Amino acid sequence: MAECSNGQSRRFGYAGSVAGDDAGAGTDAGRDCAPPQHALLAAIVRSSHDAIVSMTLDGVVTSWNRSAEELFGYPAAEMIGRHVGVLWPENRGTEQDAVIASVRVGKRVERYRTWRLRRDGTAIEVGITPSPITDDSGAVVGIAAVCRSVSERERAQARYRGLLEEAPDAIVGINANGVIVICNAATERTFGYRRDDLIGQPVELLVPEAARELHIRHRAEYMAHPQLRPLAGHSQLTARRADGTLFPVDISLSWVETDDGVLAAAAVRDVTERLEAEAERDRLKAQAERQRLEGRLQQAQRLESLGQLAGGVAHDFNNLLAVIVNYAAFVSEEIEMAAVADPDRWHSVARDMQQIQRATERGIGLTHQLLAFGRREVVRPRVLSLNAVVSDVKELLIRSIGEHVQLLTELSTGLWPVKADPGQIEQVLVNLAVNARDAMLGGGILTIGTRNMIVGNEAGLPAGRYVAIRVEDTGTGMPREVIGRAFEPFFTTKPKGEGTGLGLATVYGIVRQAGGDVQIASEPGVGTTFTVLLPATDEAPAELEAPVVVGIPSGGGETVLVVEDEPAIREVARRILRRGGYEVLMTESPLDALDVARAHDGRIHLLMTDVVMPKMLGKDVAERVRALRPDVKVIFMSGYARPVLASSGTLEPGVTLLEKPFSEAELLQTVRQVLDGC
Ligand SMILES: Nc1ncnc2c1ncn2[C@@H]1O[C@H](COP(=O)(O)OP(=O)(O)OP(=O)(O)O)[C@@H](O)[C@H]1O
Ligand SMILES: [Mg+2]
């Protein structure tokens, strides 16, 4: 069939007239009778690096060039006239039949990759481009096949294509004009287009209509200066599906130089699910934060109502104790004098009286803690440095916590001043330190630190500048349920008789009354940190008050006007002052006091008035009496401040306050101090 003497062969065109050098008679004959043009074509085919094979429509080989010999290991003489099927691996027969059938009916078949058997039985992967051989009338009379071994590069490329296909992100390659030239399977899934509908289209097809114009501009800029970069920045990018729906995406851009110019590759990821998950997480976080704040608010409300109850009871008790403590002192004095004369009769009674006095002192301590919790203590805030308070109280703390606990202080410099009652802050520190000690029975470290803090709205406090005191221990820690109740008065986990459960309640009341807050962070087995926040102040520090003189000084007949609505306390004050050498004028109401101040003949040296009375506040009484008698000195007496009159419960720095219940010594010392003007 391959011989040129065979008219059919000549009609096969170049493929039919060519074979390897040893192709035998057919080839020689072809060379002899071929016109010069054919000879040229034959030479091209012969020397081609591709294996070029021709065959009849039945698959019988009609020509076999040198590269075919090298590729498959069969000499032309052996293959010409033989069925090409000898090269097919067992499972590829049908594929080949299908290819031949397609070519036979004039269908175009693209280059395809397949496997072939070499003469030595080894398999090689080849790329084959089949084409029909037609006669002069255009009828298909044979098949020419150009074969090339699939190179490592091609195999690698195929693998990369496989990777591209498997990539979870849509990958879209565009040329410099923004035309899509390649895309992967994920692109079809993500955007809902068939690949064929995308290739050749402008990439803006995948961009929401509203953003297309901008996209074209950005694309042109990118192509002018391509670089590796994620897109977006601040705003979320959106892409458009084939059905017109929009969805959020993340896009990363890269680029590659090719023979056809720069290709940009966009890796597009649908982030709908991620954004939904993020939104859900944010929602849960916000919900948890809301619940936390609600929990804190509820706790604050519970403590507030407990405070009102406890404060109310404590107020009444305080007045009773004021009476008891002083009358007990009077009785005790009498008994002690009697005991000197008749010890057998009175000595044991004197001891009993001491028990009564001691119990009363303890009662006074407790009521003051309750008053502090109920925010009814009269406070005398002044501008101070918390560092100074910590330093002042350090010695006392070291003594209170014992040797097995080490005290460290971490005081930050440049601390803002706060306005607070230093005595109360000391009490806060002592209570917290004692609790820490109790939580570190086996020893540990107690750290007291201070620092400035800016608080936003989230903390349940007005936003602003605060100073934080941190009291941290390495003790037992607190379980969640204990943390939840720790500030309640009388809540204690300590054995009966060891703790009253008023320590933290006092801390809470003091800190809240000072406009701050106290927080607990604790982990069982690790330790506890209490953080007290107090508002920073812009006020300048006030002058320090003079220290109290000890000893019981007596009066020199000066006149004292006492205004007190509680008869028992009034009586106590009268008796103490009389015995102390003073003239006493008594009134139970502020208005009476003004009358007395107006009517009294002699000089009134001192006014002692309750801070809070039903008809008029102590401050106002003092003001009016001073208007009548400008040289009068004033002492305020108080055991509590009603929260409703919070401002009246706060005295200006510099005024003298005598806390009820007072002892004889306290009263007389204070009176003397004020009269002497120190
Ligand atoms: N630093 C701490 N470490 C572990 N638990 C603590 C700490 N501080 C307080 N607690 C727990 O909180 C409870 C309440 O403390 P609070 O100071 O109000 O009362 P108390 O110490 O039991 O008694 P009181 O202080 O009146 O003597 C304690 O009984 C304890 O269980
Ligand atoms: Mg305590």
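Cut-offs applied
Residues numbered from 1 in each chain as written. Chains lettered and ligands numbered in written order. Predicted model: local features only at pLDDT ≥ 70, side-chain atom pairs only at ≥ 80, totals over all residues. Heavy atoms only, no water. UniProt positions renumbered as here; feature names shortened; annotations may be inferred. Helix = DSSP H or I, 4+ residues; strand = E, 2+ residues; numbered from the N terminus. Contact = heavy atoms within 4.5 Å. Salt bridge = Lys/Arg side-chain N within 4 Å of Asp/Glu carboxyl O. Buried < 20%, exposed > 50% of the residue type's maximum accessible area, 1.4 Å probe, protein only. Near = heavy atom within 4 Å. Polar contact = N/O pair within 3.5 Å; in protein donor to acceptor, adjacent residues only side chain to side chain.

- An unreviewed UniProt entry lists the chain under the name histidine kinase, with Planosporangium mesophilum given as the organism.
- As stated in UniProt under Subcellular location (unreviewed entry), the record for the chain gives "Cell membrane".
- Its UniProt record gives the chain the following Catalytic activity (unreviewed entry) comment, quoted word for word: "ATP + protein L-histidine = ADP + protein N-phospho-L-histidine."

**Re the side chain of arginine 240**
No. 1: Among the secondary structure elements, arginine 240 is positioned in strand β9 (residues 237–240).
No. 2: With sequence-adjacent residues up to four places away left out, arginine 240 is seen in contact with Phe191, Tyr193, Leu205, Leu206, Val207, Pro208, Glu209, Arg212, Thr245, Leu246 and Phe247.

**Description of the pattern of salt bridges**
No. 1: Scanning the entire structure with this criterion turns up 36 salt bridges.
No. 2: Arginine 269 serves as the salt-bridge partner of aspartate 169, at 2.9 Å between the closest nitrogen and oxygen. With aspartate 169 in the loop between α7 (152–166) and β6 (170–174) and arginine 269 in strand β11 (residues 261–270), this pair connects stretches of sequence that are 100 residues apart.
No. 3: Classification of arginine 269 by relative accessible area gives partly exposed; the value is 42%.
No. 4: Put simply, arginine 219 and glutamate 204 hold a salt bridge, and the shortest N to O gap is 2.9 Å. Here glutamate 204 lies in the loop between α9 (195–198) and α10 (212–224) and arginine 219 lies in helix α10, a separation of 15 residues in the sequence.
No. 5: Note on arginine 219: relative accessible area 13%, which makes it buried.

**A look at the site of ligand 1**
No. 1: For ligand 1, the set of nearby residues contains 21 residues, the closest of which are Asn435, Thr492, Thr493, Lys494 and Thr500.
No. 2: Between ligand 1 and glycine 501, the relevant distance is 2.9 Å, taken from an oxygen atom to a main-chain nitrogen or oxygen of the residue.
No. 3: In the environment of ligand 1, a nitrogen atom lies 3.5 Å from a nitrogen or oxygen atom belonging to the side chain of threonine 528.
No. 4: Secondary-structure elements contributing two or more residues to the shell around ligand 1 are α14 (422–439), α16 (503–513) and β18 (527–535).
No. 5: At 3 residues, α14 tops the list of elements feeding residues into the shell around ligand 1.

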